[in-house]
Amino acid sequence: MRINPWSAVLLLGVPVAFLFIFFIVPFGTVAVASFRMPADGGWSAANYVKIATDGYYWGALYLTFKIALWVTLLVLVVGYPLAYTITYNVRSTLLRRIIYIVIVTPLFTSSIVRAFGWLVLLGRKGMVNDTLVALDFVDKPVQILFTEGGIVIGMAYIMLPFMVLTVASILQNINTSLLEAARDLGAHPIVAFLKVTFPLSLPGVIAGSLIVFTLSVSAYVTPSILSGGKKTVMSMLIYQQYAATLNFPFGATLAVALLVSTLLLIAGYLLVIERHAKG
Amino acid sequence: MAGDLIEIVGLVKRYGAVAALDGVSINVRQGEFLALLGPSGCGKTTLLRSIAGFVEPTEGQVRIGGKVINDVPPHERPVNTVFQNYALFPHMTVAENVAFGPRRKGMPKAEIAKKVAEVLAMVGMDGYGERYPRQLSGGQQQRIALARAIVNQPQVLLLDEPLGALDLKLRKRMQVELKRLHGQLGITFIYVTHDQEEALAMADRIAVMNQGKVAQIGTGQDIYRAPNSRYVADFIGEANLIECAVKDGRLALGDAALPYDAAGAGAHATLMIRPEDIQLGAPPSGGTPVVLKATVRDKVFLGSAWRVYAALPSGQEIAAHSASGEAVDYAAKGAAIELWWPRDRGRVLAQ
């Protein structure tokens, strides 16, 4: 398609300008600030040295990624079958639309409200524990709230729509005659799924897991409420520096460290996938 | 008939109130090339898909080798399909696509590689094993789809309009190649098409389908020469369908009685005559020609022959495809002429 050069400038220029003003400039400001000393405003890399040498920050970074990884896995395990069922097993268009609405509606609710909802559900006298005790799975209520597991559950619930919608949109575009061809060539339905459907849906799985992982790494509200202050992820540390300690330069350093390490992880992930696809 | 490879008995498939198949019974012989011919929506694809196992019939049976396979899932049926859009796996190379079937049977790797190479050579695609389907042209993809199916040596190969997406020239070539392949392999082919020329060119027998039923089944010549209904006559080739009255058990056109027996046809019947059977001018002496008077409406020169459109006294137009000759060459527009054909070329069709 040929478009006129002025339209091209406009189409490209507007988003680029937007990104520049609202992302590049603020990020540059933060990156510059991370090299200032809080005490005298002089230039120094001391903030980075502090993070690199203090195990506490490594611990927070590790916990952040660990939680994000578990959230991604849990969302994938729950979300993929859900997306598959909606796409292939729900015949009625009306029912399918209703299911989509049910999946998307929680996104309209504030995550603060939803996190408090989980406080009620996961508490010692909450519905989850009551059910576990009533069904004799456990003798007495177990501690879920304020643990890593509790944070993972709460965040996975928030991230689920992103995975389901991404995977379902890819599954919808897989030509069903490919599945018929696999069956026709002697593949049991399970084999047809493993050899045809799943490999073809990988772009959705990759995109969905990237979205969920990055959103989980930067999530603040849900982990801070569900941790009860007992676990600290990077976003909480950054918030503390900016809002409580008022050490803006160190907060900036933490933010840059989180961004760079997340980018490195994602780059590694994509590299592995690319290798695998070629090999 | 016992001994036929495929027996389809009273097959019905209803979607709600609509019957896609409405009592189809067909027997297919071992090694036969059968074409299912009909316009879109006539049920031919539904029939093919019930043999493959993707459509569950509402009533009736599909038997292969005497065994009812209604409840056998698609992956356990001794049939393979060449899909209309080829349905090649886009994430696999050509060789992996072709090896998909043999792998499911757990064949040893070395043997699979040998078979894949053999089949690719058979369809003229050796050396393409490492490519991906998207790197191939439509005709090449078609060949791979064929290779992927025949590598499994199925008892029956089902082909769903496999040449529909190809251009005319390539289609003609593939028709010849498919026919040759059929002879080489000895596999039974069931071939769905809406193209009557394709069916005539390739099939041993043709089943003409209409509204979920088999309208007529027979060799191409049977169906072309002796159609059993207006629908079949009109669908296969070109036909003049002349509406006639029935008087005293014989056809009559206006005042002229025609030498065709139509007892039991009711008050009206249709006379079918192919354009190429009609000659212009005086009939030769001897034989039993049918002669009609007509007026020339239009005349088109086709090189090897003339195409003449003439009006009968009743106003009905009939087309004649007549080789050059004095009578045709000088028949001017509006001229009164005589048309004739050998009696046995006409066919009486009941309404």
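Residues numbered from 1 in each chain as written. Chains lettered and ligands numbered in written order. Predicted model: local features only at pLDDT ≥ 70, side-chain atom pairs only at ≥ 80, totals over all residues. Heavy atoms only, no water.

**Q** Help me understand a nonpolar patch on the surface in this model?
**A** Residues and elements named next belong to chain A. Side chains of F18, L19, F20, I21, F22, F23, I24, V25, F27, L259 and L263 sit close together on the surface and give an oily, nonpolar patch of about 1,100 Å² of accessible area. Those elements that provide at least two residues to the nonpolar patch are helix 1 (5-33) and helix 12 (248-278). No other element matches the 9 residues that helix 1 contributes to the nonpolar patch. Positionally, V25 belongs in helix 1. (Patch = residues over 30% accessible without salt bridge, like charges linked within 9 Å, V, L, I, M, F, W, Y side chains within 5 Å. Areas by Shrake-Rupley, 256 points an atom, 1.4 Å probe, with all protein chains shown as cover. Salt bridge = Lys/Arg side-chain N within 4 Å of Asp/Glu carboxyl O. Helix = DSSP H or I, 4+ residues; strand = E, 2+ residues; numbered from the N terminus.)

**Q** Mind showing me how you'd approach the nonpolar core here?
**A** One broad rule of soluble globular proteins: the nonpolar side chains tend to lie buried together. One finds A:V71, B:L36, B:L47, B:F89 and B:I190 to be the most contacted residues of the largest nonpolar core, which totals 73 residues. With 11 residues, helix 7 (residues 148-172) of chain A is the single largest residue contributor to this core. Setting aside residues up to four positions removed in sequence, B:I190 forms contacts with B:I6, B:V28, B:L34, B:L36, B:L48, B:I51, B:V156, B:L157, B:L158 and B:L159. B:L146, B:L157, B:Y191 and B:I223 belong to the second largest nonpolar core, which has 43 residues in total. (Core = buried A, V, L, I, M, F, W, Y, C linked by side-chain atoms within 4.5 Å. Buried < 20%, exposed > 50% of the residue type's maximum accessible area, 1.4 Å probe, protein only. Contact = heavy atoms within 4.5 Å.)

**Q** Can you walk me through empty space enclosed by the protein in this structure?
**A** Over the atoms a probe the size of a water molecule is rolled, and this reveals where empty space is left. All names here are of chain A. On inspection of all chains with the given rule, the structure shows 1 cavity of 30 Å³ or more. By volume, the largest cavity amounts to about 40 Å³. Around the largest cavity sit T64, I67, A68, M155, S216, V217, A219, P223 and V233, which together line it. Counting only elements with at least two residues in the lining of the largest cavity, the list comes to helix 3 (55-89) and helix 9 (189-218). (1 Å grid on protein atoms, 1.4 Å probe; cavity = no way out; pocket = protein on both sides within 12 Å on 5 of 7 lines; lining within 4 Å. Points joined across faces, edges and corners; volume = space filled by probe spheres on them.)

**Q** Would you mind going over the sheet that holds strand 4 (residues 59-64) of chain B with me for this structure?
**A** Strand pairs in the sheet, formed through backbone hydrogen bonds, run parallel or antiparallel to each other. Residue and element names in this part refer to chain B. Spatially, 2-1-4-5 is the arrangement adopted by the 4 strands of the open sheet, whose pairing is antiparallel. Each edge of the open sheet carries a strand with a single partner, namely strand 2 (18-28) and strand 5 (67-68). Note: strand 1 (residues 6-15) against strand 2, 8 bridges, orientation antiparallel. Bridge assignment links E7 to a residue of strand 2, and that residue is N27. (Pairing = 2+ DSSP bridges.)

**Q** Sorry, what's going on with the pairing of strand 14 (residues 268-273) of chain B here?
**A** The side chains of a regular strand alternate, residue by residue, between the two faces of the sheet. Residues and elements named next belong to chain B. Extensive coverage of strand 14 is indicated by the burial of 5 of its 6 residues. In this structure, strand 11 (residues 240-247) lies alongside strand 14, joined through 6 bridges in antiparallel fashion. Its bridge partner being in strand 14, L241 is matched across the sheet by M272. The pairing of strand 14 with strand 20 (residues 347-350) spans 4 bridges and is antiparallel. Bridge pairing in strand 20 links A269 to A350.

**Q** What exactly am I supposed to notice about unusual backbone geometry here?
**A** Outside of glycine, negative phi angles account for most residues, and trans bonds account for most peptide bonds. All names here are of chain A. A positive phi is found at F146, a non-glycine position, where the angle reads about 65 degrees. Here F146 lies in the loop between helix 6 (127-134) and helix 7. Overall, the relative accessible area of 26% leaves F146 in the partly exposed class.

**Q** Is there a simple way to explain the pairing of strand 9 (residues 205-210) of chain B in this structure?
**A** All names here are of chain B. Here strand 9 lies mainly inside the structure; 5 of its 6 residues are buried. With 4 bridges joining them, strand 3 (residues 33-37) and strand 9 adopt parallel strand pairing. Each bridged residue has a counterpart across the sheet, and for L37 the counterpart in strand 9 is V208. Across 5 bridges, strand 9 lies against strand 10 (residues 213-218) in antiparallel orientation. The partner of A207 across the bridge, within strand 10, is I217. In this antiparallel pair of consecutive strands, strand 9 and strand 10, the connection spans 2 residues, and Q211 shows a positive phi of 50 degrees.

**Q** Where do I start with the packing of aromatic side chains in this structure?
**A** Both the distance between ring centres and the angle between the ring planes are used here to describe each pair of aromatic rings. Residues and elements named next belong to chain A. A full pass over the atoms with the stated rule returns 20 aromatic pairs over all chains. Ring centres of F35 and Y48 lie 5.0 Å apart, and the angle between their planes is 35 degrees; on these two criteria the pair is classed as tilted. Remark: Y48 occurs in helix 2 (residues 46-53) and F35 occurs in the loop between helix 1 and helix 2; sequence separation between them is 13 residues. Judged by relative accessible area, Y48 falls into the partly exposed class, the value being 24%. (Phe/Tyr/Trp six-rings, centres within 6.5 Å; stacked < 30°, edge-to-face > 60°.)

**Q** Please explain the side chain of A:S235 as it appears in this structure.
**A** Residue and element names in this part refer to chain A. Inspection of the secondary structure puts S235 in helix 11 (residues 234-244). Assessed through its relative accessible area of 9%, S235 is described here as buried. Sequence-distant contacts of S235, defined by excluding residues within four places in its chain, comprise S218, A219 and Y220.

**Q** Is there a simple way to explain the pattern of salt bridges in this structure?
**A** Within the structure shown, the criterion is met by 21 salt bridges over all chains. Where A:E180 meets B:R49, a salt bridge forms, and the shortest distance between an N and an O atom there is 2.7 Å. Here A:E180 is found in helix 8 (residues 176-184), whereas its partner B:R49 is found in helix 1 (residues 44-52) on a different chain. B:R49 sits in the partly exposed class, given a relative accessible area of 25%. Through salt bridges with shared partners, one network takes in A:K66, A:E148 and A:K231.

These values are about where atoms sit, not about what they do.
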